[in-house]
Amino acid sequence: MKHTFFKKLLIGMTLTSVIAVSCSKKIDEAYLNPNADVKVPPEQLLPGLLATMVGNGAGHGTANDARFAGRYIQNWHSINAGSAADAYDMMGGTTGASDNAASVWRTHYYDHGQNLLRMIDWATEEKKWDYVGVGQAIFAWSWLTLVDYHGEVILKEAFNTSLITFKYDEPQEVYTYVRQLCHAALANLNKTGDGVSQANLAKGDQYFYGGDVNKWKKFVYGVLARSFNHLSNKASYNADSVIAYANLSITSNADNATLKYANTGISANANFFGPLRGHLGTLRQGAFYVNLLNGTNPHPSFAGVVDPRRWYLFRTNPNGTFVGLEPNRGNAGISNVNDRPENFWGGGSAITTGTAANESTNRFIFRNGVEFPVMTASEIQFMKAEAAFKKNDRVTALAAFRLGVSLHFDMLTEKYNTNVPAANQITPAMKAAYMASTAVPADPLTLTLSHIMLQKYIALWGYNTMESWVDMRRYHYTDIDPATTLQVYTGFTPPSGVNMWVDNAGKFVYRVRPRYNSEYVWNFNELVRIGADKLDYHTKETWFSQK
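Residues numbered from 1 in each chain as written. Predicted model: local features only at pLDDT ≥ 70, side-chain atom pairs only at ≥ 80, totals over all residues. Heavy atoms only, no water.

*Asks:* Teacher, can you tell me more about the overall build of the protein chain here?
*Replies:* Regarding its fold elements, the protein chain presents 19 helices and six strands. A globule of 547 residues ought to have a C-alpha radius of gyration of about 24 Å, and the protein chain, at 23 Å, matches this closely. When the backbone C-alpha atoms are referred to their principal axes, the protein chain occupies close to 70 × 50 × 50 Å. In the protein chain, which comprises 547 residues, the proportion classed as buried is 59%. Within the protein chain, contacts between residues separated by at least 24 positions form 75% of all contacts whose residues are at least 6 apart in sequence. Here the protein chain displays about 20,200 Å² of accessible surface, and carbon together with sulfur accounts for 54% of that area. One finds the centroid of the 50 positive side-chain charges in the protein chain at a distance of 1 Å from the centroid of its 46 negative side-chain charges. (Helix = DSSP H or I, 4+ residues; strand = E, 2+ residues; numbered from the N terminus. Rg over C-alpha atoms; globule rule 2.2 N^0.38 Å. Buried < 20%, exposed > 50% of the residue type's maximum accessible area, 1.4 Å probe, protein only. Contact = heavy atoms within 4.5 Å. Areas by Shrake-Rupley, 256 points an atom, 1.4 Å probe, with all protein chains shown as cover. Lys, Arg positive; Asp, Glu negative; His and termini not counted. Charge placed at Lys NZ, Arg CZ, Asp CG, Glu CD.)

See the structure below:
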C-alpha cells in the first residue's frame, strides 16, 4: 500500500485503519465495477466536491442546513407557527427519525469523505500538488464547519472501512487537525513543477477559484483565522493569531470565495437558494435583522439610521415597507396582512410559497445563476476588528471594522445589483452618508463590541449562517457588552415561555444532533456515551463557546 503525504498527516490513525484501507483495495481489485472507472481523475472529482460546500444536486451542503440554523439566529422564520415541523423557530432540535438539519454531517462524511481522500491520494500519485492542496483546504473547511455545528464528532475512526460503529472524539482534537490540514494544504499549494498546472487545476476548479492557487491560499488562511477566532472565550485565545492570518487571507472582494453555477435550466446546477430549487418558500426575513437596517433596533447607534442595503437584501410587503417575522409567530404575528413580507423570490403575497414566474424580481443570493459566497473579505475584516478590539488595539480595530462595512457595500453593488429598483440602488453618496452615520463610528474610542458584531451579522446575513451562529453562540446569544450595558447582539430576543421548544427546558440551542440515518440507526451506543440520546442534547454547550 502506498503511504501518501496526506495519510502520514492523519493524526491518531491506528495500524487498524491502514490495514482496513489495504483490505478495501484488494476487494476493489477483485470485484471491479464494470459500470464505473476504478480510478477517476482529480479533475473530474473536484467539481462535485466544490458544489457540495453549498448545496449539490442532491441537496447536500451548508445552505440546506442554513434553512434550519438560520432560525436560531433569526435570519429568517417560517410563516407557520407553533408546530413540531417548525421547532427550529423555537430553538428546538431535530426529533424522531428525521434527517432535517443533518446535511452538514452527510456532506462531510459522505459527499466529501472518501471522495476527498481518493482525490488527494490520486493527485499525490500524479504529483498534482495543487489538487492535493485544494483537497486538504476543502477538508479543513469541512472539518471546522462540522465540529462547530455538531460538537463531538468522529475523527480518528471516521474513514476506517473495517468498522461498522465509530467512536466520537473531542472537539479540540478536531481543531488541532484542522490546523494541521491547513498547513499541509499551504505546503502543497506552494509547490511548483511536477504535475502542477494552473490551466489543469482550472478544469476541476472552474466554478470556484478558476485554478488560482494564490486565492486558494487566502482561503486556507481564512480557515485558520476562523479556527483561532472561534476560541475567543478560551484562556488560550490568541488575538494576534487571528490578526496575522486575517492579514494573509482575503482582503479584497476580488478574492472572495464564491461558488458559481452553470445554471443551464436544471436544478442540479443552479443556486441552492434560487427559485428553480424552491427551497425557501415558507421562510421570510426575521424582524431582528430587518430592524437593524430599518433604524428601529434599540442600540443607540443604530436607532434612526436607515441602511440603504435593505433594498438589496430584503423583500417589501404590499404596503411597500420592510417588516420581518418574529420567532414562532409566523404570519399570524403580523396582524395587518399588508405588512407581511413576500417570499425571497418576490413571490407575490405573503402566503405565496411558490416561485415567481420569472427571475425579474429575484435579488441577492436568491437567483438561479448568481454566485454564492462561502468566505468574504468583509468577514475577514470583522474577525480582525474583533481580535484587535479584544487586545485593546482600538486603532486597528476601527480601521478593520470600517473596511468590513465598506467591503460589504461594495460586494452588494458590484455583484448583487440585479433587480434592485433604480431609485434604491446604492450610490457613492448613499454609501458615504451611511459610513458617516452613528452606525459606523469614526472614533476608536466610541467603537464597541456591539458595533463590530452587529455589522458583521448584517454583512454575513443569508449566505454565512453557520459562521453567524458560531458568533452568536460565542456570546451566548444574550451576553452583555460592558461598554453599553446592552446585549452584544442588541435587540436580539430569544424565544421563551411557550415559544421555547419544550425539550429545551428553558435553555438555548448550541448544537445539532448527529445525523439520524447513520448514527441513531447504527451507532447508538456511542450516542449514549456522549449524551446524544437525551431530548435536550441540542442545548449542550459546544466546546468552542465554553470558557
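*Asks:* Even after reading the chapter, I still don't get helix 14 (residues 394-415), so can you show me in this structure?
*Replies:* One turn of an α-helix holds 3.6 residues; hence residues three or four places apart share an orientation. For helix 14, with 22 residues, the first-to-last C-alpha span of 31 Å sits near the 32 Å given by 1.5 Å per residue. Buried within helix 14 we find Ala397, Leu398, Ala400, Phe401, Gly404, Val405, Ser406, Leu407, His408, Phe409, Met411 and Leu412. Where the residues of helix 14 are buried, they touch helix 12 (310-313), helix 13 (377-390), helix 15 (428-435) and helix 16 (449-460). (Expected span 1.5 Å × (residues − 1).)

*Asks:* Any chance you could explain the packing of helix 13 against helix 16 here in plain terms?
*Replies:* When two helices pack together, their arrangement is given by the angle between the helix axes and the distance between those axes. Interaxial distance between helix 13 and helix 16 falls to 10 Å at its minimum, and their mutual angle equals 165°. Between helix 13 and helix 16, the angle falls in the class roughly antiparallel. Here helix 13 runs over helix 16; the crossing is left-handed. Here helix 13 contributes Ser378, Glu379, Phe382, Met383, Ala385, Glu386, Phe389 and Lys390 to the contact with helix 16, which in turn contributes Leu449, Ile452, Met453, Gln455, Lys456, Ala459 and Leu460. Here the contact of helix 13 with helix 16 is built from residues that sort into nine nonpolar, two polar and four charged. (Axes fitted to C-alpha atoms, helices over the stretch in contact; angles between N-to-C directions. Parallel < 35°, antiparallel > 145°, perpendicular 65-115°, else oblique. Left-handed = near helix turned anticlockwise from the far one by under 90°. Nonpolar A, V, L, I, M, F, W, Y, C, P; charged D, E, K, R; others polar.)

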